[in-house]
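Chain by chain, the residues run as shown.
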Amino acid sequence: MSALVVQFLNGLASASALFLVACGLSIIFGVSRIVNFAHGSFYMLGAYLAWTLTRGLGWVGYGPLGFWGGILIAALIVGLIGVLIELVLLRRIYQAPELFQLLATFGVVLVVQDLAMAIWGAQDLLGPRAPGLRGAFDVMGQRFPEYEMLLILIGPIVLGLLWLLFNRTRWGTLVRAATADREMVAALGVDQRKLFTSVFFVGTFLAALGGGLQLPREPVQLHMDMAIIADAFVVVVVGGMGSVGGAYLAALLIAQLQAFMLLVPDFEIAGLTISIARMTLIPSFLVMAVVLILRPYGLLGKAPSHARTQASVEPVVRATPPILAKLGFASVAAMILLPLIADEYGLMVATEILIFVLMAASLHFMMGPGGMASFGHAAYFGLGAYGAALAAKHFNAPMEAGLVAGPVLAALGGILFGWFCVRLSGVYLAMLTLAFAQIVWSIAFQWVAVTGGDNGVLGVWPSIGKTGFFYLSLAFAVIGVLLLRRAIYSPFGYALRGARDSALRADAIGIDVKRVQWAAFAIAASFAGSAGALFAYFKGSVFPTYAAIPKSVDALMMVLLGGVQTISGPLVGAIVYMGLHEQLVRVTELWRLVLGIAIIALVLAFPQGIAGFAAKRFAKEDGA
Amino acid sequence: MLRVDGLHTYYGRAHILADVSLDAAKGEIVVLLGRNGAGKSTTLKSIMGLVPAAQGSIRFLDREIAGLPSHEIARMGLGYVPEDRRVFAELTVMENLDVGRQGPRDAAPAWTPEKLFEIFPNLAEMRNRPGGRMSGGEQQMLTIARTLMGNPRAILLDEPSEGLAPVIVEQMARTIQALKAQGLTIVLSEQNLHFALLVADRAYIIEKGRIRYSGTMAALAADEAIRLQYLSV
Ligand SMILES: Nc1ncnc2c1ncn2[C@@H]1O[C@H](COP(=O)(O)OP(=O)(O)O)[C@@H](O)[C@H]1O
Ligand SMILES: [Mg+2]
């Protein structure tokens, strides 16, 4: 009984921390419709800066600002950094497609990661404990730290303060009005830009405060950003985007579930040890799944309205011009001859590029003709890789079987996750795909008994030599791309594009929109799975990073670089991006910084997407 | 007060407005008549900066406003009441009014919630009701009141009589006349000729994004051929 009570209190304390981060994300989204990936980075920066201000400069005690002053000032500074980013970056891309906004903020994540590494180093930093709160309460015979008790109170206090801010000030009224209909607010004479900037400050401040308050609880380290952002996304989706109350409710629900999961003992199924207690993202998943079925826009969320006046330019899929088809044949022919001239390193690079061509083509299938922006395509890549590797490790499967097991596992994942995802659209769908990818990642990371956790699965070697494997990859890439191309021009493909361009009209002519999109989801997943399975044999090992956010971003970059509107786009994109990436990692330690800046620059240069840019240039030639 | 010259507007590639010109003098009520889809709303949105004007001049108080962001246009004293009401459903009546609030302006009536409640007595009885839980007519009154809170010199009213019961339409006409009596300049769009006849001084008729007719309300009332050609009456 006392264990239950303590777990309940733990859950309340965690809910507070989660709430601070998630509610900032939620209000920023509510007003600006920007899904801010960098929110986790602000949380991390809040923790690092608070560490520096309270401990880091070699002071005795807590430094001149004291413990609380340090945390508060750190949060304020990070809030100002957020304002700076809003002014120089986000302000220019409020009208850009959602995916570009996500990408731009992910660029910020990469930059902050490398900067934090350069400033604070890679080692974990231990924070100070809160003054006067070092003791513990006695809760039914168990010790419960005083600081945790304070955190339990901070959640509802911040919730109350935010309620006052939103309901008792004109600023709050304007923010709520803008969350519902920003165009109307502008027409009434309110400068949205000032409103956005101030909201961004508040949201960023809250994230950083959440980070600073973690100091006495856990060491500050470089993975804090990605660790919190997945949970925060889930909380925002579950609570309803833009809803502060919803964020608290969702944080409470998820934190409590996570706390009580810790009490579930390990059990075995068919010889596999299943440790529910270690799979902390699973309860989030379950809550999210149930909520999204019952209330697609979250517990307290509203269906989006009046999002944009301008008709958005949808990507089209053009027929391949004969010249490109010839070019395709020529490059395949050139590839066949490649082993004659390339050295081993060149062959390796070419093989890797081929694998990512397949990956990019599968994502393009989903995004272009399917119209579903996925921010978690790495899930299926990872599932494919683990499918192959686990078949090899646990069942001694030969490579042929592994190359089947991978796509099958990925397709199953696509069927399961896709069922949920096709119920949403736009940025909600993108968030959900991301959350699913994080779940795959966390299973790979946390289910150590099966996946080996961080150590990965090693020794997944192909049964053929490097040249043979190159040809195998070439065959997979060519056949995969041709099959996807066929699907796009089949009746199924037309139905899919019909569903994308106008769900209502497609419904009216008898297309079951959700089913068609679901099928497309599963198809894309299985092709990404093939790429993953190949990659597993290519590297000889599989790690959780294969399913991590950066892999999803890689795939997105390839598709967006090449352009969404053509089938050849992702192929070109994969080649260009992989080539650049390869070079970057070789020449600089700070490749994240450079890549992040490159992504940001790209988005700023082509805020309508390279596809949109190209579409405009070619529009004249079409004469339409 | 307001003068539009040679306005062209596009949605994507669709050319919606072609060479639209119109003007409204101080204290005048001008109506833009046209069938559904003729381009009335697009004209008002273009003036307000909610849809970018590709070409043409829009002058308000002798200042060029084409290309300015909406909030700056609103801050010059041009109010806008959209056709689909767009009250903030979550916000109470008082909060809706608060969003529209701006400082007082020279040569424009200065409004307070209490003064507005005299013109819209229904609203006074539901100060704390969320906008989403009001009838269509009440919402229409609220959007107008909300815009008046900005103490505008002129307002654009997009189909104020649309979807309202006949009794409410008459009430709306009286309201608009009351506003005119306060010296407000009003440009409204309408499909309903009868309503226009009740309130307007002059009329423009728009069809397929082009102005086809302009004249006094009395002249239009007398010209049956024009009415039959461009209006559904
Ligand atoms: N957001 C939009 N995107 C594309 N076309 C639009 C949009 N809004 C209106 N239109 C088109 O512009 C034309 C004029 O519309 P509108 O100005 O709303 O007409 P009215 O207000 O006179 O009924 C119509 O043909 C309509 O289909
Ligand atoms: Mg209209």
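On a predicted model such as this, the values are computed, not experimentally measured, just so you know.

Parameters at a glance
Residues numbered from 1 in each chain as written. Chains lettered and ligands numbered in written order. Predicted model: local features only at pLDDT ≥ 70, side-chain atom pairs only at ≥ 80, totals over all residues. Heavy atoms only, no water. Salt bridge = Lys/Arg side-chain N within 4 Å of Asp/Glu carboxyl O. Helix = DSSP H or I, 4+ residues; strand = E, 2+ residues; numbered from the N terminus. Buried < 20%, exposed > 50% of the residue type's maximum accessible area, 1.4 Å probe, protein only. Near = heavy atom within 4 Å. Polar contact = N/O pair within 3.5 Å; in protein donor to acceptor, adjacent residues only side chain to side chain. Areas by Shrake-Rupley, 256 points an atom, 1.4 Å probe, with all protein chains shown as cover. Contact = heavy atoms within 4.5 Å. Buried area = accessible area lost by both parts, 1.4 Å probe. Domains from an automatic or database assignment. Pairing = 2+ DSSP bridges. Expected span 1.5 Å × (residues − 1). Donors = N, O, S within 2.8 Å, 3.2 Å for Na, K, Ca; no water. Axes fitted to C-alpha atoms, helices over the stretch in contact; angles between N-to-C directions.

Residue and element names in this part refer to chain B. Per the stated rule, a full pass over the model turns up 20 salt bridges over all chains. Of the charged contacts in the structure, one is a salt bridge between R3 and D23, with a shortest N-O distance of 4.0 Å. You can see R3 sitting in strand 1 (residues 2–11) and its partner D23 sitting in strand 2 (residues 14–24), a full 20 residues away along the chain. With relative accessibility at 45%, the residue R3 sits in the partly exposed group.

Around ligand 1 lies a shell of 11 residues, among which B:G37, B:G39, B:K40, B:S41 and B:T42 are the nearest. With respect to ligand 1, its neighbouring residues span chains A and B. One of the backbone nitrogen or oxygen atoms of B:K40 is found 2.8 Å away from an oxygen atom of ligand 1. Contact with the protein chains hides 65% of the accessible area of ligand 1, taken as 560 Å² for the molecule alone. Ranked by residues supplied to the shell around ligand 1, first place goes to helix 1 (residues 40–48) of chain B with three residues.

Okay, the interface of chain A and chain B next. With 24 residues of chain A in contact, the opposing surface of chain B contributes 26 residues. Contact between chain A and chain B buries roughly 2,300 Å² in total, counting both sides, with carbon and sulfur atoms accounting for 56%. Together, A:R170, A:M184 and A:L188 form the three largest contributors to the area buried by chain A at its contact with chain B, with a combined 28%. Put simply, chain A and chain B have four salt bridges between them. Inspection of the region where chain A meets chain B yields nine residue pairs in polar contact (both at pLDDT 80 or more). Of all the elements in the fold, those that place two or more residues in the side of chain A that touches chain B are helix 6 (170–180) and helix 7 (182–187) of chain A.

This part is about the domain arrangement of chain A. Residue and element names in this part refer to chain A. Taken as a whole, chain A is organised into domain 1 (2–264) and domain 2 (322–623). If you look at the interface, domain 1 gives 32 residues, while domain 2 gives 34 residues. Carbon and sulfur atoms make up 85% of the area that domain 1 and domain 2 hide from each other, which totals about 2,900 Å². One can count one salt bridge joining domain 1 with domain 2.

Bringing the environment of A:L347 into the picture now. Residues and elements named next belong to chain A. If you trace the backbone, L347 turns up in helix 13 (residues 344–367). Looking at L347, the relative accessible area reads 8%, which means it is buried. Separated by 120 residues in sequence, L347 and T467 have C-alpha atoms that sit 7.5 Å apart. Once residues lying within four places of it in the same chain are set aside, the contact partners of L347 are L338, P339, A342, K466, T467 and F470.

Glancing now at the sheet that holds strand 4 (residues 53–60) of chain B. Residue and element names in this part refer to chain B. Strand order in the open sheet made by the four strands is 2-1-4-5, with antiparallel pairing throughout. If you trace the sheet from one side to the other, it starts and ends with strand 2 and strand 5 (63–64), each paired once. When strand 1 meets strand 2, the two strands line up antiparallel, connected through seven bridges. Note on strand 2: the bridge partner recorded for V4 is L22.

With that out of the way, let us pick up helix 8 (residues 192–213) of chain A. Helix length check: helix 8 of chain A (22 residues) gives 31 Å between terminal C-alpha atoms against 32 Å at 1.5 Å per residue, within 8%. At the N-terminal end of helix 8 of chain A, a side-chain oxygen is found 3.1 Å from the backbone nitrogen of A:R193, two or three residues along, and the residue is A:D191.

Bringing the coordination of the magnesium ion (ligand 2) into the picture now. Residues and elements named next belong to chain B. Of the protein atoms, only S41 (OG) and E83 (OE) coordinate the magnesium ion (ligand 2), at distances of 2.0 to 2.4 Å. Here the residue S41 occupies a position in helix 1, and E83 occupies one in the loop between strand 6 (78–81) and helix 3 (93–100), the gap between them amounting to 42 residues. Residue S41 is classed as buried on the basis of its relative accessible area, which comes to 14%. The class for E83 is partly exposed, based on a relative accessible area of 24%.

Moving on: the sheet that holds strand 9 (residues 202–207) of chain B. Residues and elements named next belong to chain B. Here six strands make up an open sheet; going across it, the order is 6-7-8-3-9-10 and the pairing mixed. In this open sheet, the two edge strands, each paired with only one partner strand, are strand 6 and strand 10 (210–216). Ignoring which end each strand starts from, the neighbouring axes of this sheet average 15° apart. Here strand 6 runs beside strand 7 (residues 154–158); their pairing, made up of four bridges, is parallel. Paired with Y80 across the two strands is L156, which belongs to strand 7. Helix-sheet contacts for helix 1 involve strand 3 (29–33), strand 6, strand 7, strand 8 (185–190) and strand 9, and the interaxial angle to strand 7 is about 150°.

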